[in-house]
Amino acid sequence: IPIAYGKGVVGWIGNNKITKLDEELVHRLLSPLGLLLKCKTDEALEKLSMISGCGAGYVSYFMKNLKKVAQKYGFSENEAYKIVLMTFLGTVYHLQSTGLQFEEMLTAIATKGGITEEVVKSLDERKFYQIFEKSINNGYVKIGKITKELENENF
């Protein structure tokens, strides 16, 4: 979906016969879609798919749940949608404009003893990262299963 707006991430692999001219052609053809990454292996391309290809789904899932909380706090569905959307847009815009890393922005927002720090600390205590990473790894295992199924069908 992000490639429709020139904001996607496109991975590609070239074999050892690809020339510099071929690479330039690939870049000219695919760069309007967003960020281009030349992957060295099929495995790297699959891992990129887990992060970027599925990433819009992960972000949408997080946004959906933040919207639910906003609604429980009394905002209408439409208001909650707009609040979450603008929060994400503003965050991405600020990161792009300033060049800040995610950790730097988090440190700036989650001040010692503050509200955001409390929420992040609670997520860390509940092992949010480990749950999220394990879930992504489950998807990566599924890629392997699908690849094997396709190989078995073709040969």
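Check the entry above for the structure.
Residues numbered from 1 in each chain as written. Predicted model: local features only at pLDDT ≥ 70, side-chain atom pairs only at ≥ 80, totals over all residues. Heavy atoms only, no water.

1. As for the overall build of the protein chain
To keep things clear, this is the line we draw: For helices the rule is a DSSP run of H or I covering at least 4 residues; for strands it is a run of E covering at least 2, with both sets numbered from the N terminus onward. Computation of the radius of gyration draws on C-alpha atoms, with the globule rule given as 2.2 Å multiplied by the number of residues to the power 0.38. Each residue gets one of three labels from its accessible area relative to the maximum for its type: buried under 20%, exposed over 50%, partly exposed in between, using a 1.4 Å probe on protein chains only. Whether two residues are in contact is decided by their heavy atoms: any pair within 4.5 Å suffices. In this description, accessible areas are obtained by the Shrake-Rupley approach with a 1.4 Å probe, and a residue is regarded as covered only by the protein chains that are shown. Positive charge is attributed to Lys and Arg, negative charge to Asp and Glu, and no charge count is given to His or to the chain ends. Where a charge lies is defined by one atom per residue type: Lys uses NZ, Arg uses CZ, Asp uses CG and Glu uses CD.
The secondary structure content of the protein chain amounts to 7 helices and 2 strands. Starting at the N terminus and ending at the C terminus, the protein chain contains elements arranged as β-α-β-α-α-α-α-α-α. Computed over C-alpha atoms, the radius of gyration of the protein chain comes to 20 Å, more than 25% over the 15 Å expected from 2.2 N^0.38 for 155 residues, which places it beyond the range of a compact globule. A total of 155 residues make up the protein chain; the buried ones form 14% of that total. Sequence-distant contacts, at least 24 apart, represent 54% of the contacts inside the protein chain between residues at least 6 apart. Taken as a whole, the protein chain presents about 12500 Å² of accessible surface, with 62% of it coming from carbon and sulfur. Side-chain charges of the protein chain comprise 20 positive and 18 negative groups, with the mean position of each set lying 3 Å from the other.

2. So, the pairing of strand β2 (residues 34-38)
Rule in force here: Strands pair, by our definition, only if DSSP identifies at least two bridges between them.
Pairing geometry for strand β1 (residues 8-12) and β2, over 5 bridges, is parallel. Looking at β2, one finds that Gly11 is bridged to Leu37.

3. Some details on unusual backbone geometry
Even without glycine at this site, Lys127 takes up a positive phi of about 65°. Looking at the secondary structure, you find Lys127 in the loop between α6 (115-125) and α7 (128-154).

4. Side note on the pairing of β1
Applied cut-off: With its strands directed away from the observer, a crossover is right-handed exactly when the path from the first strand over the helix to the second travels clockwise.
Burial along β1 is one-sided: Gly8, Val10 and Trp12 are buried, while Val9 and Gly11, pointing the other way, are not. For the crossover from β1 across helix α1 (residues 20-30) to β2, the handedness is right-handed.

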